[in-house]
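Spelled out, the chains give:
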Amino acid sequence: MTISTPVYCTREAVKSALDVKLTARSDAQVDGAIESASRAIEGRLHRRFYPVQATRYFDWPNRQYARPWRLWLDTDEVISVTEVTSGGATFAPSDYFLEPVNSGPPFNRLEIDLDSAASFTADSTHQRSIAITGLFGFQAETQTAGTLAAGLNASGTTANVSDSSAVGVGDLIKVGDERMLVADKSMVSTGQTLQDPMTTSAADVSVVVTTGSAFVVGEVILLDSERMLVVDIAGNALTVKRAWDGSVLAAHTGSTIYALRALTVVRGVLGTTAASHNDASPISRHVVPALVRSLCVAEAINTLLQEGSGYARVVGSGDNQREAAGRALRDIREQAYIAFGRKGRVRAV
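Everything in this summary refers to the structure shown in the same document. (Residues numbered from 1 in each chain as written. Predicted model: local features only at pLDDT ≥ 70, side-chain atom pairs only at ≥ 80, totals over all residues. Heavy atoms only, no water.)

**Describing the packing of aromatic side chains**
All chains considered together, the criterion is met by 7 aromatic pairs. On the basis of an interplanar angle of 50° and a centroid distance of 4.9 Å, the ring pair of Trp60 and Phe120 is categorised as tilted. One end of the pair, Trp60, is in the loop between β1 (52-58) and β2 (70-72); the other, Phe120, is in the loop between β6 (109-112) and β7 (130-136), and 60 residues separate them in sequence. In terms of burial, Trp60 and Phe120 fall into one category: buried. Feature note: the residues Tyr8, Phe49, Tyr50, Phe138 and Phe340 constitute an aromatic cluster, connected by ring pairs. (Phe/Tyr/Trp six-rings, centres within 6.5 Å; stacked < 30°, edge-to-face > 60°. Helix = DSSP H or I, 4+ residues; strand = E, 2+ residues; numbered from the N terminus. Buried < 20%, exposed > 50% of the residue type's maximum accessible area, 1.4 Å probe, protein only.)

Written out as structure tokens, the structure reads:
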């Protein structure tokens, strides 16, 4: 399988933590574990950690027992709002507040400015009488992640990028106003060839290229059938770790250099629309809270190890052998819940 819905860590992060080598079978297994972990996190913390552009509907009056100027958003917490209507009437932005003002987003309620003439009303029915259009979710923080290395039309599903180290499988990226989900990565020619021969020695770690600035530290390159990890760049010499990701040491002469810069993407996700994008368009990557990311990695690793043991994983040996207690996993679950879990509202009587 490939990742098809937003997740909270990348395939690369889990495989690195487990030191799993590249195989098609392990990719599918890791993707499945990440998907399961992400959905379990949403169930445990009662919120989603990715942004969705959408319109949400609310009854009015409803059973929230709130003040008549206050609408609790509950699971539909919002990052920003573009339009609010009630009973068919559109509110001006000055008619309402998003709260809590001092700590949001996310905002968990919308309150009418009592100094305005606006009010929540029902139309022909109280059902779905309030509509809020905006960006829903926990946060929309992003980091720069290179640029497109070629133009991308509205129907294309392969995005060539300038920096393969900045984006992993499972990442949510944004180009222009469009969000895309990275479902897989594959090799593409960099247009450069090896300038000096390399031997089969693991100590031979210098890959001489014509343009060193076209590469970045942290990306994986391919010469013939050997993968290498770029750990440093000095001029036109790349310092690498040889035989990376389960590949085999080999000699190379004049080899074409490939890099993991072709992203297989799911287009126009989370309420956005697929569009055409020019070469060199900036790419940004959605940032998941660090503790949530760590929990996703831990949950995925636990699933993979349990699958490998038939869900009977033990630690120790001989008389000291015992069932794996998973105390560390429980600790990180508790930390994540304390920091990011959406708690129930309590109404005083």
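**Quick look at helix α3 (residues 290-308)**
Note: α-helices contain 3.6 residues per turn, so residues at a spacing of three or four share the same orientation. Between its first and last C-alpha atoms α3 spans 27 Å; for 19 residues at 1.5 Å apiece the expected length is 27 Å, and the two agree. For α3, the set of buried residues is Val292, Leu295, Cys296, Val297, Glu299, Ala300, Ile301, Asn302, Thr303, Leu304 and Gln306. One or two positions beyond α3, positive phi appears at Gly310, with a value near 70°. (Expected span 1.5 Å × (residues − 1).)

**Some points on the layout of surface pockets**
One water molecule sets the probe size; rolling that probe over the atoms shows where empty space is left. For the largest pocket, the calculated volume is near 950 Å³. Elements with a minimum of two residues in the lining of the largest pocket: α1 (11-18), β11 (178-193), β14 (226-234) and β17 (282-286). In terms of residue count, α1 provides more of the lining of the largest pocket than any other element does, 5 residues in total. Looking at the lining of the largest pocket residue by residue, the classes come out as 18 nonpolar, 8 polar and 14 charged. Considered as a void within the structure, the second largest pocket measures approximately 260 Å³ in volume. Residue lining of the second largest pocket: 14 residues in total, with Arg47, Glu77, Asn108, Arg342 and Lys343 positioned closest to the centre. Considered class by class, the residues forming the lining of the second largest pocket number 4 nonpolar, 4 polar and 6 charged. (1 Å grid on protein atoms, 1.4 Å probe; cavity = no way out; pocket = protein on both sides within 12 Å on 5 of 7 lines; lining within 4 Å. Points joined across faces, edges and corners; volume = space filled by probe spheres on them. Nonpolar A, V, L, I, M, F, W, Y, C, P; charged D, E, K, R; others polar.)

**Let's talk about the pairing of β17**
The buried fraction of β17 is high, at 4 of 5 residues. The pairing of strand β10 (residues 172-175) with β17 spans 2 bridges and is classified as antiparallel. Bridge assignment links Ile173 to a residue of β17, and that residue is Arg285. (Pairing = 2+ DSSP bridges.)

**Section: the pairing of strand β15 (residues 237-241)**
What you see with β15 is a clean split: Leu238 and Val240 sit on the buried side and Ala237, Thr239 and Lys241 on the side with no burial. Relative to β15, strand β12 (residues 206-208) runs antiparallel, the two being bridged by 3 bridges. Across the sheet, the residue bridging to Val208 is Ala237, located in β15. One ladder, built from 5 bridges, connects β14 with β15; its direction is antiparallel. Directly across from Asp232, in β15, lies its bridge partner Thr239. The antiparallel pairing of β14 with β15 creates a hairpin that spans 2 residues between the two strands, and Gly235 there sits at a positive phi of about 65°.

**Focus on empty space enclosed by the protein**
According to the stated counting rule, one finds 1 cavity of 30 Å³ or more in the structure shown. In this structure, the largest cavity spans a volume of roughly 50 Å³. Contributing to the lining of the largest cavity are Pro51, Thr142, Leu172, Ile173, Lys174, Arg179 and His286. Here the lining of the largest cavity gets 3 residues from one element, more than from any other, and that element is β10. Of the residues assigned to the lining of the largest cavity, the class counts are 3 nonpolar, 2 polar and 2 charged.

**Notes on the side chain of His277**
Here His277 shows up in the loop between β16 (256-266) and β17. Among residues more than four places away in sequence, those in contact with His277 are Leu148, Gly151, Leu152, Val175, Gly176, Glu178, Met180 and Arg267. (Contact = heavy atoms within 4.5 Å.)

**Topic: the sheet that holds β6**
In sheet architecture, strand pairing relies on hydrogen bonds along the backbone and comes in two forms, parallel and antiparallel. With antiparallel pairing, 3 strands are arranged side by side in an open sheet as β2-β6-β5. What marks the edges here is a single partner per strand, and that holds for β2 and β5 (96-99). Adjacent strand axes in the sheet meet at a mean angle of 20° when their direction is disregarded. With 3 bridges joining them, β2 and β6 adopt antiparallel strand pairing. Following the sheet pairing, Arg70 is matched in β6 by Glu111. (Axes fitted to C-alpha atoms, helices over the stretch in contact; angles between N-to-C directions.)

**Description of the sheet that holds β1**
Spatial strand order, β1-β7-β3-β4: 4 strands in an open sheet with antiparallel pairing. The outermost strands of the open sheet, each flanked by one partner alone, are β1 and β4 (89-90). Pairing analysis gives 7 bridges linking β1 to β7, with the strands arranged antiparallel. Paired with Val52 across the strands is Phe136, a residue of β7.

So yeah, pure geometry; function would need other evidence.
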